Amino acid sequence: MTSMPCPCGSTLALAACCGRWHAGASAPTAEQLMRSRYAAFVLLDAPYLLRTWHVSTRPASVSFEPGLKWLGLKVVSARTVDADRAEVEFIARYRVGGASAGRHHERSRFVCEGGEWFYVDGSACGAGFSRPSEKSG
């Protein structure tokens with residue numbers, strides 16, 4: 001894990017980037033949490049996704065679409081709504097099997113409780129939105 005590049009698109013190694021949050025530290029911002037959740041989808045880390053999903057919207061389990069490969073992440077915008085709420089808009093590119101690449105374009109909502117950020121939910125953005133079976137918020 002130490003020399004693997006972080007899937008979130010930073011120039012850091014996974015261990016120095018999102019790997020810290022996966023290992024148990026709390027992501028300090030909603031954007032960093034969103035990036036770490038994207039990395040968790042790439043790495044098929046269901047326990048992390050569930051742990052960082054707000055209890056009010058958390059599913060019982062997370063499954064991953066067979067053959068889905070995440071190709072990259074672009075953060076479009078990140079904004080603080082107030083001290084305990086934030087939104088992050090992103091585009092995640094993916095491919096399933098030999099099919100054409102798709103785009104998951106979402107505006108995710110986050111809340112901070114007890115100093116820890118959680119993913120709440122997301123809304124589709126833009127025309128031509130296509131979504132795989134799981135969110136990447």
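Our structure is the block above this text.
(A) A look at the nonpolar core. Counting 30 residues, the largest nonpolar core has C18, L73, F110 and W117 as its most contacted members. Looking at this core, the elements that each hand over two or more residues are helix 1 (18-22), helix 2 (30-43), helix 3 (46-51), strand 1 (68-82), strand 2 (85-96), strand 3 (102-113) and strand 4 (116-124). Per-element accounting of this core gives the leading share, seven residues, to helix 2. Those residues in contact with C18 that lie beyond four places of it in its chain are C6, C8, R35, S36 and A39.

(B) Quick peek at the pairing of strand 2. With 12 bridges joining them, strand 1 and strand 2 adopt antiparallel strand pairing. For L73, the partnering residue across the bridge sits in strand 2 and is A92. Counted between consecutive antiparallel strands, the loop separating strand 1 from strand 2 contains two residues. Where strand 2 and strand 3 come together, 10 bridges link them in antiparallel fashion. Directly across from R85, in strand 3, lies its bridge partner V111. Where strand 2 hands over to strand 3, the hairpin turn is made up of five residues, of which G97 adopts a positive phi near 60°.

(C) Summary view of helix 2. An ideal rise of 1.5 Å per residue puts 20 Å on 14 residues; helix 2 measures up with 20 Å between its terminal C-alpha atoms. Against helix 1, helix 3, strand 1, strand 2, strand 3 and strand 4 lie the buried residues of helix 2. Following helix 2 by one or two positions, L44 adopts a phi angle in the positive range, close to 60°.

(D) The environment of P47, seen in detail. With respect to the element layout, P47 can be found in helix 3. Here the alpha-carbon distance between P47 and V62, two residues 15 residues apart in the chain, equals 8.3 Å.

(E) Structural view of the packing of aromatic side chains. Following the criterion strictly, the structure yields six aromatic pairs and no others. Taken together through their ring pairs, the aromatic side chains of Y38, F41, F64, W70 and Y94 make up a single cluster.

Cut-offs applied
- Residues numbered from 1 in each chain as written.
- Predicted model: local features only at pLDDT ≥ 70, side-chain atom pairs only at ≥ 80, totals over all residues.
- Heavy atoms only, no water.
- Core = buried A, V, L, I, M, F, W, Y, C linked by side-chain atoms within 4.5 Å.
- Buried < 20%, exposed > 50% of the residue type's maximum accessible area, 1.4 Å probe, protein only.
- Helix = DSSP H or I, 4+ residues; strand = E, 2+ residues; numbered from the N terminus.
- Contact = heavy atoms within 4.5 Å.
- Pairing = 2+ DSSP bridges.
- Expected span 1.5 Å × (residues − 1).
- Phe/Tyr/Trp six-rings, centres within 6.5 Å; stacked < 30°, edge-to-face > 60°.

None of the figures reported here should be taken as evidence of function without further support.
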